[in-house]
Amino acid sequence: MIVGVVGGGQLARMMIPAAVALGIELRVLAESEGMSASLAATAVGDYRDASVVLAFAEGVDVITFDHEHVPQEVLRQLVDAGHAVHPGPDALRFAQDKREMRRRMAELGAPQPDWAPVDAAEDLERFLADHGGVGVLKTATGGYDGKGVRVVRSLDDAADWLEGAAAGGPRLLVEELVPFRRELAQLVARRPSGEAMVWPLVQTVQQDGICVEVLAPAPDAFRIQPVVDDIARRVASGLGITGVLAIEMFETSDGRVLVNELAMRPHNSGHWTIDGSITSQFEQHLRAVLDLPLGSTALLAPVSVMVNVIGGPASGAMADRYASALAAHPDVKVHSYAKAARPGRKVGHVTAVGDDLDEVAYRARAAAAHFDA
């Protein structure tokens with residue numbers, strides 16, 4: 001079994017141990033030399049170039065992805081050439097275009113914030129007037145980790161984006177500013193035969209639009225777990241997902257859950273599964289895209305806490321801090337992405353597991369602090 005992964009980032013990197021364990025050959029098309037997944041990089045090239053991707057696809061059993069940015073025309077050419085592509089272009093378009101995603105969520109009956117496409121200033125002006133003078137303006141494509149998102153209270157706040165959209169830049173949409181009490185994420189894996197498995201709902205902690213911590217399972221989630229389980233299975237089936245799907249959600253102040261965004265690949269909110277679940281999201285993704293029976297998503301410990309290493313050391317590499325971090329925290333797992341330190345960049349994560357949330361969170365945060373500044 002040979003799986004080709006388009007994209008050489010940390011998600012492809014974390015598929016490598018799962019592939020080795022299952023005896024799967026993993027081949028990676030990296031964007032440049034020395035990327036995070038260079039251990040499995042068999043080709044380097046532009047994923048936007050159909051000829052590059054088609055050449056890479058020769059000799060693999062299935063193509064999957066480290067990110068959702070491969071253009072639709074390239075994906076369609078892969079399918080037309082007879083290659084197995086999971087998730088396929090019909091599903092990926094809903095992760096690539098938030099306007100399309102919002103329309104499809106409405107068709108599937110998935111709860112979501114009120115929203116509207118913005119094709120002209122009048123569209124935004126009307127939405128703000130109907131929603132208390134405030135909205136969340138988003139670019140329909142290309143945003144991540146807080147990019148492409150802006151809270152607006154007037155047309156002046158959006159003037160540059162409106163001008164850019166009118167000049168052929170990213171299309172826009174606006175959503176209501178949701179009064180949420182916390183952010184959640186539900187991961188589900190689905191194989192082509194229709195089998196689906198969900199992990200426990202998790203709580204994500206965000207700072208400046210970037211996830212910094214994940215608490216698994218989400219505290220006090222017993223009431224809403226059946227609700228989000230149903231949403232996840234309905235969305236995965238309705239979109240025809242193959243592989244791992246992450247559904248980021250808001251839990252509102254009045255106890256509702258609303259779909260915020262989708263990611264059709266292993267996701268930062270699921271990194272804890274490497275050390276905290278019988279089947280990690282990376283192994284599950286490989287099983288799913290190969291249409292193999294899915295693994296158990298049961299917890300290995302009552303609580304897991306994952307803390308992202310953001311930015312990394314001010315000087316040197318993460319490995320320079322291993323001696324102190326591993327000596328002080330022998331019961332915490334450290335994962336490096338082999339990336340150079342840079343402000344705002346996710347360069348690794350640590351995971352702690354145990355019985356008590358406060359104690360486990362303390363250990364994970366203390367271990368992660370060794371790699372700061």
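No experiment lies behind these values; they were computed from the predicted model shown.

**Q** I'd like to hear about the packing of helix α5 (residues 98–108) against helix α8 (residues 225–239), residue by residue, with values.
**A** For the pair α5 and α8, the least separation of the axes is 10 Å and the interaxial angle reads 115°. Considering the angle they form, α5 stands roughly perpendicular to α8. The crossing of α5 and α8 is right-handed. Touching Arg 104, Met 105 and Leu 108 of α5 are Arg 234, Val 235, Gly 238 and Leu 239, all from α8. Of the residues belonging to the contact of α5 with α8, the class tally is 4 nonpolar, 1 polar and 2 charged.

**Q** Pulling in residues and values, what's your account of the sheet that holds strand β1 (residues 2–6)?
**A** Read from one edge to the other, the open sheet built from 4 strands follows the order β3-β2-β1-β4, with strand pairing classed as parallel. At either end of the open sheet lies a strand with only one pairing partner, and these are β3 (41–44) and β4 (62–65). Direction aside, the axes of adjacent strands within the sheet are offset by 25° on average. Across 3 bridges, the pairing between strand β2 (residues 25–30) and β3 is parallel.

**Q** Give a description of the packing of aromatic side chains that names residues and reports values.
**A** Overall, the coordinates contain 2 aromatic pairs when judged by the stated rule. Between Phe 180 and Phe 250, the aromatic rings sit 4.7 Å apart at their centres with planes inclined by 20°, giving stacked as the arrangement. Of this pair, Phe 180 sits in strand β9 (residues 180–190) while Phe 250 sits in strand β13 (residues 243–252); the two residues are 70 residues apart in sequence, bridging distant segments of the chain. Given the relative accessible area of 37%, Phe 180 is considered partly exposed. The exposure class assigned to Phe 250 is buried, which follows from its relative accessible area of 10%. Ring geometry for Tyr 322 versus Phe 371: centroids 6.2 Å apart, planes at 80°, classification edge-to-face. Highlighted residues: Tyr 322 in helix α11 (residues 322–328) and Phe 371 in the segment after α12 (357–369), separated in sequence by 49 residues.

**Q** Could you give an account of the sheet that holds strand β8 (residues 172–175), with specific residues and numbers?
**A** What links the strands of a sheet is backbone hydrogen bonding, and the strands pair in either a parallel or an antiparallel sense. Reading across the sheet, the 4 strands line up as β5-β8-β6-β7 and stay open at both edges, with antiparallel pairing between neighbours. Whereas interior strands pair on both sides, the edge strands pair on one side only; in this sheet they are β5 (115–118) and β7 (149–152). Each strand axis lies, on average, 25° off the axis of its neighbour in the sheet, ignoring direction. In the sheet, β5 pairs with β8 via 4 bridges, with the strands oriented antiparallel. Across the sheet, residue Ala 116 finds its bridge partner in β8, namely Val 174. Sheet contacts for α5: β5, β6 (135–139) and β8; angle to β5, the most-contacted strand, approximately 145°.

**Q** Talk me through the side chain of His 271; I want residue IDs and the actual numbers.
**A** One can find His 271 in the loop between β14 (257–263) and α9 (273–276). Judged by its relative accessible area of 1%, His 271 is buried. In this structure the side chain of His 271 is engaged in a polar contact, spanning 3.4 Å, whose partner is the backbone oxygen of His 267. When near neighbours in sequence (up to four residues on either side) are disregarded, His 271 contacts Leu 11, Met 14, Gln 281, Phe 282, Met 306, Tyr 337 and His 349.

**Q** Run through the nonpolar core, naming residues and quoting values.
**A** Judged by nonpolar contacts, the single largest core of 46 residues is most densely connected at Val 6, Met 105, Leu 239, Leu 245, Leu 262 and Met 264. The element contributing the most residues to this core is α8, with 6 residues. Not counting chain neighbours up to four residues away, the residues in contact with Leu 245 comprise Gln 186, Leu 187, Val 188, Val 235, Ala 236, Leu 262, Ala 263 and Met 264. One finds Leu 11, Val 28, Ala 40 and Phe 282 within the second-largest nonpolar core, a separate group that totals 20 residues.

About the cut-offs
- Residues numbered from 1 in each chain as written.
- Predicted model: local features only at pLDDT ≥ 70, side-chain atom pairs only at ≥ 80, totals over all residues.
- Heavy atoms only, no water.
- Axes fitted to C-alpha atoms, helices over the stretch in contact; angles between N-to-C directions.
- Helix = DSSP H or I, 4+ residues; strand = E, 2+ residues; numbered from the N terminus.
- Parallel < 35°, antiparallel > 145°, perpendicular 65-115°, else oblique.
- Left-handed = near helix turned anticlockwise from the far one by under 90°.
- Contact = heavy atoms within 4.5 Å.
- Nonpolar A, V, L, I, M, F, W, Y, C, P; charged D, E, K, R; others polar.
- Pairing = 2+ DSSP bridges.
- Phe/Tyr/Trp six-rings, centres within 6.5 Å; stacked < 30°, edge-to-face > 60°.
- Buried < 20%, exposed > 50% of the residue type's maximum accessible area, 1.4 Å probe, protein only.
- Polar contact = N/O pair within 3.5 Å; in protein donor to acceptor, adjacent residues only side chain to side chain.
- Core = buried A, V, L, I, M, F, W, Y, C linked by side-chain atoms within 4.5 Å.

Geometric values such as these leave the question of function open.
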